[in-house]
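Fold and contact review
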Amino acid sequence: MVEFTRRNLMASSVAAAISTGAVGVVGAQDGRDEHETLAAPYVEGNIDRFSTTAKGAEVTGPFVFETGELLYSLQGPSPENIAPFDTGGVGVFDDFQFTFNGKNDEFKELEAPRTDREERQVLSAAGQYRLLVQTGEEINGGDERFGHPQTPDGTDLEEIAEETYEGVGEQADMNFFVATNDEGTEGYLFTNNETRPGAISRTPLYRDEDGYWQADLENAMELENTEAFREIGGTRVNCYGDLSPWGTPLSAEEEYGHPRVNGLATVSDIVEQGSGVGLRGGNEFWNRPNILEVHGSLGEIFGDEHAYPMGLNNSRGTEKMAYHLGVEPIDQTEAEIDNEDEDRDGDGTKTVNTPRPIGDEAFPNRYRYGHIVEITEPTAEEPIPVKHHVFGRAAWECPEVLPDERTVYLASDGGAKGIYKFVADEPIPEHDDRMDVRGTLYAMKAAEIGEGPVAETDLEIEWLELGTASNGEVESWIADYDDVTQVDYLETHAETDWEDDLETALAEADEEVAINGNQDFITDEEIVEWAEQYEERGPDGVDEDLRRVPFLETRAAAKEIGASIEFNKAEGIDAHDEAEPGDFIYFGISSLGGYMTDERGDLRFDEVETGVLYRAELEAGYDVSRLEPVVVGPNGSAPESLQDASLINVDNVMVLDDGRVLLCEDKGSFGRSYPNDAMWVYEPPATLEIDSVAISQETTGEADLTLSSIPNGLAGGRVTVSLEHTDVAEIAGASYHDALELTAGPTISDDGSTVEFRFADIEDEIESGATDVTLATVEIEGVGGGTTDITADVQSLDDDDGAVIDAQPRPGVVVTGPPPVGGGSGGSGGRAPTDPDGDGTFEDVNGNGRLDYDDVTLLFEHIEDDSVRLNVDAYDFNDNGRIDYDDIDELYDEL
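Keep in mind that this is a model prediction, so the values were computed, not measured. (Residues numbered from 1 in each chain as written. Predicted model: local features only at pLDDT ≥ 70, side-chain atom pairs only at ≥ 80, totals over all residues. Heavy atoms only, no water.)

Details of the overall build of the protein chain
Applicable threshold: Segments assigned H or I by DSSP are reported as helices when at least four residues long, segments assigned E as strands when at least two residues long, and all are numbered from the N terminus. As a reference, a globule follows 2.2 Å times the number of residues to the power 0.38, and the radius of gyration itself is taken over C-alpha atoms. Only protein chains enter the calculation, and the probe is 1.4 Å; a residue is then buried if its accessible area is under 20% of its type maximum, exposed if over 50%, and partly exposed in between.
On a plain count of helices and strands, the protein chain comes out with 15 helices and 43 strands. A globule of 895 residues ought to have a C-alpha radius of gyration of about 29 Å, and the protein chain, at 30 Å, matches this closely. Seen through its principal axes, the protein chain has C-alpha atoms that stretch 95 × 70 × 55 Å. The 895 residues of the protein chain split such that 58% are buried.

Considering a nonpolar patch on the surface
For clarity, the cut-off: Within this analysis, patches are made of residues with over 30% relative accessible area and no salt bridge. Like charges are joined at 9 Å or less; nonpolar side chains (Val, Leu, Ile, Met, Phe, Trp, Tyr) at 5 Å or less. In short, Shrake-Rupley with a 1.4 Å probe defines the accessible areas, and a residue's cover is counted only from the protein chains shown. Here, a salt bridge means any Lys or Arg side-chain nitrogen found within 4 Å of an Asp or Glu carboxyl oxygen.
Residues Tyr853, Tyr892 and Leu895 make up a contiguous nonpolar surface patch of about 350 Å² in total accessible area. Looking at where tyrosine 853 falls in the secondary structure, it is placed in helix α12 (residues 853-861).

Considering the packing of helix α7 (residues 486-493) against helix α8 (residues 502-516)
Short version of the rule: Angles run from 0 to 180 degrees between N-to-C directions of axes, and those axes are lines fitted to C-alpha atoms, restricted for helices to the stretch in contact. Each angle is binned into one of four classes, with values under 35 degrees roughly parallel, values over 145 roughly antiparallel, values of 65 to 115 roughly perpendicular, and all other values oblique. Contacts were defined at the residue level, with two residues in contact if any of their heavy atoms lie within 4.5 Å. Ten residues, namely Ala, Val, Leu, Ile, Met, Phe, Trp, Tyr, Cys and Pro, are considered nonpolar, four, namely Asp, Glu, Lys and Arg, are considered charged, and the remaining ones, Gly among them, are considered polar.
Here α7 crosses α8 at 75 degrees, and the two axes come no closer than 8 Å. Here α8 runs roughly perpendicular to α7, going by the angle between their axes. In this structure, α7 uses Tyr489, Leu490 and His493 to contact α8, whose residues at the interface are Leu502, Ala505, Leu506, Glu508, Ala509, Asp510, Glu512 and Val513. Taken together, the residues of the contact of α7 with α8 break down into 7 nonpolar, 1 polar and 3 charged.

Quick word on unusual backbone geometry
A cis geometry characterises the amide bond from alanine 83 onward to proline 84, with omega recorded as 5 degrees. Position of proline 84 among the secondary structure elements: in the loop between β4 (70-75) and β5 (89-94). In the Ramachandran plot, alanine 416 falls in the positive-phi region, its phi being about 55 degrees despite a non-glycine side chain. If you trace the backbone, alanine 416 turns up in the loop between β22 (407-412) and β23 (419-424). Look at alanine 416 and you get buried, because its relative accessible area is 0%. For glutamate 698, which is not glycine, the phi dihedral falls at a positive 70 degrees. Tracing the sequence through the fold places glutamate 698 in the loop between β34 (693-696) and β35 (700-710).

What about the sheet that holds strand β2 (residues 46-52)?
Backbone-to-backbone hydrogen bonds pair the strands of a sheet. The strands run either parallel or antiparallel. Keep this limit in mind: Strand pairing requires that DSSP identify at least two bridges connecting the strands.
Read from one edge to the other, the open sheet built from 5 strands follows the order β6-β2-β32-β31-β30, with strand pairing classed as antiparallel. The two strands at the open ends of the sheet, each matched to only one other strand, are β6 (123-124) and β30 (650-655). When strand β31 (residues 661-665) meets strand β32 (residues 678-683), the two strands line up antiparallel, connected through 4 bridges. Paired with leucine 663 across the bridge in β32 is tryptophan 680.

Remarks on the side chain of threonine 318
Which entries qualify depends on this criterion: Under this definition, polar contacts are N or O atom pairs within 3.5 Å; protein pairs additionally need one hydrogen-donor-capable and one acceptor-capable atom, and for neighbouring residues in sequence, both atoms have to be side-chain atoms.
Position of threonine 318 relative to the elements: it lies in helix α5 (residues 318-325). A polar contact of 3.4 Å, which involves the side chain of threonine 318, links it to the side chain of glutamate 319.

Quick word on the environment of isoleucine 710
Its place among the elements puts isoleucine 710 in strand β35. Put simply, isoleucine 710 and glycine 769 are 59 residues apart on the chain and 5.4 Å apart in space, counted from C-alpha to C-alpha. Setting aside residues up to four positions removed in sequence, isoleucine 710 forms contacts with Ile766, Glu767, Ser768, Gly769, Ala770 and Val773.

Some words on the confidence of the model for the protein chain
The following threshold applies: On a range of 0 to 100, pLDDT expresses the predictor's confidence in each residue.
Across the protein chain, the average pLDDT comes to 88, with 90% of residues at or above 70. Throughout residues 1-40 the model reports pLDDT below 50, and contacts reaching past four residues in sequence, or to other chains, amount to 109 contacts.

A few points about a negative patch on the surface
Worth spelling out the cut-off: Within this scheme the basic residues Lys and Arg register as positive and the acidic residues Asp and Glu register as negative, but His and the chain ends are omitted. Lys charges are placed at NZ, Arg charges at CZ, Asp charges at CG and Glu charges at CD.
Taken together, Glu300, Glu491, Asp497, Glu499, Asp500, Asp501 and Glu503 make up a surface patch of like negative charges. With respect to the element layout, aspartate 501 can be found in the loop between α7 and α8. Assessed through its relative accessible area of 32%, aspartate 501 is described here as partly exposed.

Side note on the pattern of salt bridges
Here the structure, examined in full by the defined rule, presents 45 salt bridges. Among the salt bridges present, the one from arginine 438 reaches aspartate 425, with a minimum N-O distance of 3.8 Å. On the criterion of sequence distance, the pair formed by arginine 438 in strand β24 (residues 438-449) and aspartate 425 in the loop between β23 and β24 is long-range, its members being 13 residues apart. Given the relative accessible area of 43%, aspartate 425 is considered partly exposed. Several salt bridges converge on common partners, so that one network encompasses Arg260, Arg280, Glu284, Arg366, Arg393, Asp524 and Glu553.

Quick look at helix α6 (residues 471-479)
Just so we agree on the cut-off: Picture the helix axis, draw a direction to every C-beta atom, and the arc is the one those directions span.
Within α6 the residues assigned to the buried category are Asn471, Val474, Trp477 and Ile478. Here the buried residues of α6 occupy an arc of 125 degrees about the axis, which is enough to place them on one side.

Structural notes on the packing of aromatic side chains
For clarity, the cut-off: Between the rings of Phe, Tyr and Trp (Trp by its six-membered ring), a pair exists once the centres lie within 6.5 Å; its type follows the angle of the planes, with under 30 degrees stacked, over 60 edge-to-face, and the other angles tilted.
Across all of its chains, the model carries 31 aromatic pairs by this definition. Taking 5.2 Å as the distance between ring centres and 45 degrees as the angle between the ring planes, the aromatic pair formed by tryptophan 530 and tyrosine 534 counts as tilted. Placement of both tryptophan 530 and tyrosine 534 in helix α9 (residues 524-537) is noted, with a separation of 4 residues, approximately one turn of the helix. Each residue in the set Phe50, Tyr72, Phe85, Phe93, Phe96, Phe98, Phe107 and Tyr129 is aromatic and connected to the rest through ring pairs, giving one cluster.

Here we look at the side chain of glutamate 194
Here glutamate 194 is to be found in the loop between β11 (186-193) and β12 (199-207). Among buried charged residues, glutamate 194 stands out as having no salt bridge; its nearest opposite-charge side chain is arginine 196, 7.3 Å away. Looking at glutamate 194, its side chain comes within polar contact range of the side chain of glutamine 75, at 3.1 Å. If sequence neighbours within four positions are ignored, glutamate 194 has contacts with Gln75, Gln171, Asp173, Val237, Asn238, Cys239 and Glu254.

Brief notes about the pairing of strand β38 (residues 742-748)
Relative to strand β39 (residues 754-760), β38 runs antiparallel, the two being bridged by 5 bridges. For alanine 744, the partnering residue across the bridge sits in β39 and is arginine 758. Between β38 and the antiparallel strand that follows it, β39, lie 5 residues; glycine 752 among them carries a positive phi value of about 70 degrees.

Section: the pairing of β22
Taken across its 6 residues, β22 has 6 buried, putting it largely inside the fold. Neither face of β22 is exposed, since Thr407, Tyr409 and Ala411 on one face and Val408, Leu410 and Ser412 on the opposite face are all buried. As paired strands, strand β21 (residues 396-401) and β22 are joined by 5 bridges and run antiparallel to one another. Bridge pairing in β22 places cysteine 398 opposite alanine 411.

Some details on the sheet that holds β39
Taken together, 6 strands build an open sheet; the order of strands is β34-β43-β41-β36-β39-β38 and the sheet is mixed. The open sheet terminates on both sides in strands that have one partner only, identified here as β34 and β38. Recorded for the sheet is a direction-independent mean angle of 15 degrees between the axes of neighbouring strands.

Structural notes on the state of the cysteines
The condition is simple: Here, a disulfide means two cysteine sulfur atoms that sit within 2.5 Å of each other.
Applying the stated criterion to the full structure yields 0 disulfides. Here cysteine 398 stays unpaired: no disulfide links it, and the sulfur of cysteine 239, its closest cysteine neighbor, is 7.9 Å away. In this structure cysteine 664 is not part of a disulfide, and its nearest cysteine sulfur, from cysteine 398, lies 11 Å away. What makes cysteine 664 buried here is its relative accessible area of 0%.

What to know about the nonpolar core
Spelled out, the test is: Grouping buried Ala, Val, Leu, Ile, Met, Phe, Trp, Tyr and Cys residues that are joined through side-chain atoms within 4.5 Å yields what is termed a nonpolar core.
Grouped together as the largest cluster of nonpolar side chains are 90 residues, with contacts concentrated most on Ile585 and Tyr614. One finds Val261, Val437, Phe521 and Phe551 within the second-largest nonpolar core, a separate group that totals 61 residues.

Section: the environment of alanine 694
Tracing the sequence through the fold places alanine 694 in strand β34. A C-alpha to C-alpha distance of 8.2 Å links alanine 694 and valine 813, two positions 119 residues apart in sequence.

Side note on the packing of helix α4 (residues 294-302) against α8
Following both chains from N to C, one finds α4 and α8 inclined at 80 degrees, their axes separated by 10 Å at the closest point. Taken together, the axes of α4 and α8 are roughly perpendicular relative to one another. Counting all contacts with α4, which are made through Val294, Ser297, Leu298, Ile301 and Phe302, the residues of α8 involved are Ala507, Asp510, Glu511, Ala514 and Ile515. Of the residues in the contact of α4 with α8, the class split is 7 nonpolar, 1 polar and 2 charged.

As structure tokens, this is what we get:
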């Protein structure tokens, strides 16, 4: 059972100490307000419920217009709800706008629904939810229906019944708006539908004469039904997504069926035991006719040795995909109805497939699914889709493209899945042909820091490089498998001629694939060989024909090199649109359980069935190295933790421009008094950050002390800044923000390790709602080479209402580098070396701000000087603990 931490987020106010004594109590507030700490078993900040969706429906696809207006999808509602909430779709909240001031003061928190009628409709704390478009509505002049894929001849796939196929259109998810005029009053809304094949709708939106959003269904279209989408193989299970910094929608294929091995098993485990029975994942049976029947077949063959192939159920619908791509529906027959709900035409029968194998080369290629799809030219008559194969292949819930236009974080949904990062060599939109996008794919390796409760346990992150390639290269590798069909499954793996005895041939093929793997695709032996070469030569040293492995079999490859493929339902990643290093990116884990909580693998958490919201500070180069929990949900095993005001199973997350975060729920209830999923608005606590600074020995630099947000103004406070190691750096001076007129002079300790600030904003120079306010500046002098933490400690900090500002201190680092090499001669011009990439070594030997050939020459000429020999950490590029000529070689190799 998890030990939950409850934090008092609003303590009693104390006086702002501004001199040798207090000037009086600015204000006092005892106790909590109605939105405080009990909002969840643990909240670092505050959450307020804005909306509950209709019974049975998830809250998905949140989008906030630049004006602050909100919309989201009504996904999968109960047909017993009050109309129109009995049918899925996308709706907007009329007469409500977020004001982007960092506070939830635009609305009073919504009470939980208490009646059956309230549970069967969408409720909101402000405004009124109005559906713009609903499942199955006629669009595109009546030629299509919203959320419904078709065959190339225009037949709605819902009319081609299949025993294993689910209905279409009720699973609306992602929503992103692309404006077509400067005012942002017209444009296109792009909506995902989680169907097989996948659906992406483009709906024109416009403001009417009264200023309300309206949908132009006459000119809406289903992008998946265009030839451009069929040319890339169509899509599957389009879930959430992102709007790129350059204004194109990115749709995530949540291809749950992609695993080739079960759970935490590896392909090496299969090779070592000489059989994949009980370990083989569902994707290995991709091209089997009527794939869902393989579970029963393997059970009959292997008995208790067999285990359900992971992801098998989500590999259903392959025949439906084939029909969407142009394969003629074959061998359908009539069967009796098992469930009256399936009787569409009232004749007591339904159309089902027989297992006649498809031999048409248009049969879908398994490696074409599980990708991020960019909708380029989104406002053109026919947008052009591009699959970013270099991002890897998984059950993507969402991508998050950072403002550098190179870094992409990716979450893979489901159990025993990974979290990934892609870094492009150059900004992605610089490539007119997206096939030229090239970069490196990484998998996350995570380790818990400490052994406390989940709410107090951070994750330390390491990124394991999987490989480097371009979209074009990966596309060429995928194309090698385009001719694989269901007939190949039988002819490759069965001895019996399937045309003579289909049942026997299927059993033989199933047995062979379970034991030795599907030889029509990448083999077990290729994956193991890739991993062995990776370990011996590094990711760039593997044989050319094995470079495809981490891009086509991403999950299996990541497992082989020790990545943490244990995450359970990683369903949300987002940062605000103009995030910079120092800002936060959020990661949502909908249910912290499964392989994150067992005794295997890297992670051994206590279970939190209802999930955790993590955040990470973006570092230099938009890197992430540490996740910290900021919202932790309740547990069924701890009844006292179950509250109506608890966040349950966080799914999509969206960061507003003011730093607040929309938190959407998936599969709510869970012991609450109401069964509905909700949308919450999370207010993170203010941060008090002290800058990191890099200086040379005997020189000085400045570090600002900055408060991230001041929603209700600043009355005053007392803060101490400290350096951990005074043999590296000392505090030489300090000053205040000009607006802080009533201050006590900064008090610096004799050893230069601390400085205390005491201040007040008597004239209200710092306005309510201000962000990124510099309170003070610390002057730091370099003493000796090395690094030291610089931290801020808040003794008191109050707003204009007398309430405590719950500011979370965030430390910095002081790096004192070596002195100029060669005493200022030899090309350095007296400039001190710098560390351009922030890795702790000083590649820029001549101090001109970049790595160039002169740095190598200067180091070679002065390698015996004290300025080099006495600064081993700065120039030990080969990491062997000493300065030698190999360090010059390493530096040259970095050019």
